[in-house]
Amino acid sequence: METYAVPGLDRRTVIAVFSSLGLLLAWSFGSSLLEAGPISASIITYCLYIFYWYYAIRFKNPLIYRLVIFGTVAGILELVTDHYLVDTINSLIYPGNELMIWSSPAYMPFAWSNVLLQLGFIGVWLTKKYNIFKASVILSIAGGMYIPIYEHLAKDAGWWIYNNNTTMIFNAPVYVILCEALISLSLPLLIFYSLDRKPIRAITLGIVEGVWILLSAALAFGLAR
C-alpha cells in the first residue's frame, strides 16, 4: 500500500509533525526538570499552534489544514470536559495563577488542538500503512501508554496535578489513561472521513470528537474510579 497517497501526507510533513511531537516531549521534560510552571506550557502550546497554521498555509497542505480545524473545534469543546474533571468529580487541579477560561487555563483548547493534530496525523499515517482497524488499535494502545509519562512531566513542571482520590498509576489516574485510549481509538476513523472533503466536514467531526472526549471521560471515570 502506498504510504503517501493522501494529499498532504508527504515526507516533509511526516518529518515536521514527528519533529514537533519530539519537541513537545523534550520541552515537557525540560519544564519538569526546571519546575517551570504554567508559563512554559503556554509558550510551547502557542508556538506549536501557530506553527501548524503557518505550515498549512505556507505549503498549502490540506491535511494539516483540516487537522488544525478539527483539533481547534474539539479543543474548544474540551473545556466542558475540563470543567467536569475540575468541578464535578474534583479530580483535576490547575495552579490557578494564570489566565483562565472557565475551569481551564487559556492555552488548554490550543494544547488539545496540537495533541489531536499530532495523534490524528499519526492515525492517518498508520491507516495508509495498514488499515483503519489496525491504526485505531495501535493508536489507542500508544495513547494509553503515553499518558502516564506526560502526566508525570506535567506534575513536576507545575502545569496541573490530580487529586489522589481515584486509582492511580504514578501521577496519572487510571481513568485518564483509559479516557485517552478511547479518544485515540476514535481518531483514525474520524480523520479518515474528513479527508478530501470541504472544511465544514472537519468542523462537524471536531464537534463529534469534542463530545466523544466528554463521554470518554465520564465512561472511563465510571469504570476505573
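Parameters at a glance
Residues numbered from 1 in each chain as written. Predicted model: local features only at pLDDT ≥ 70, side-chain atom pairs only at ≥ 80, totals over all residues. Heavy atoms only, no water. Helix = DSSP H or I, 4+ residues; strand = E, 2+ residues; numbered from the N terminus. Rg over C-alpha atoms; globule rule 2.2 N^0.38 Å. Buried < 20%, exposed > 50% of the residue type's maximum accessible area, 1.4 Å probe, protein only. Contact = heavy atoms within 4.5 Å. Areas by Shrake-Rupley, 256 points an atom, 1.4 Å probe, with all protein chains shown as cover. Lys, Arg positive; Asp, Glu negative; His and termini not counted. Charge placed at Lys NZ, Arg CZ, Asp CG, Glu CD. Phe/Tyr/Trp six-rings, centres within 6.5 Å; stacked < 30°, edge-to-face > 60°. Lys NZ or Arg CZ within 6 Å of the ring centre and 35° of its normal.

**Regarding the overall build of the chain**
Okay, step 1: Secondary structure summary: the chain contains 7 helices and 6 strands in total.
Okay, step 2: Secondary structure elements of the chain occur, N-terminal to C-terminal, as α-α-α-β-β-β-α-α-β-β-β-α-α.
Okay, step 3: Against the compact-globule benchmark of 17 Å for 225 residues, the chain has a radius of gyration of 17 Å, which places it among compact chains.
Okay, step 4: Considering only C-alpha atoms, the chain reaches an extent of 45 × 35 × 30 Å along its principal axes.
Okay, step 5: For the chain, with 225 residues in total, the buried portion stands at 53%.
Okay, step 6: Pairs at least 24 residues apart make up 74% of the contacts formed inside the chain by residues separated by at least 6 positions.
Okay, step 7: Just so you have it, the chain exposes about 10500 Å², and 70% of that area is on carbon and sulfur atoms.
Okay, step 8: Looking at charge distribution, the chain has the averaged site of its 13 positive side-chain charges lying 15 Å from that of its 12 negative ones.

**Focus on the packing of aromatic side chains**
Okay, step 1: Taken as a whole and judged by the stated rule, the model has 14 aromatic pairs.
Okay, step 2: Between Y175 and F221, the aromatic rings sit 5.2 Å apart at their centres with planes inclined by 85 degrees, giving edge-to-face as the arrangement. Taken together, the residues Y175 in helix α6 (residues 174-192) and F221 in helix α7 (residues 199-224) connect sequence positions 46 residues apart.
Okay, step 3: Three or more aromatic residues joined by ring pairs form one cluster here, namely Y94, Y146, Y150, W159 and W160.
Okay, step 4: The lysine or arginine in question, R58, covers the ring of F59, its NZ or CZ lying 5.0 Å from the ring centre.

**Some points on the side chain of N61**
Okay, step 1: Within the secondary structure, N61 sits in the loop between α2 (38-58) and α3 (62-88).
Okay, step 2: If we skip the residues at most four places from it in the chain, N61 touches G8, D10, T13, Y55 and A56.

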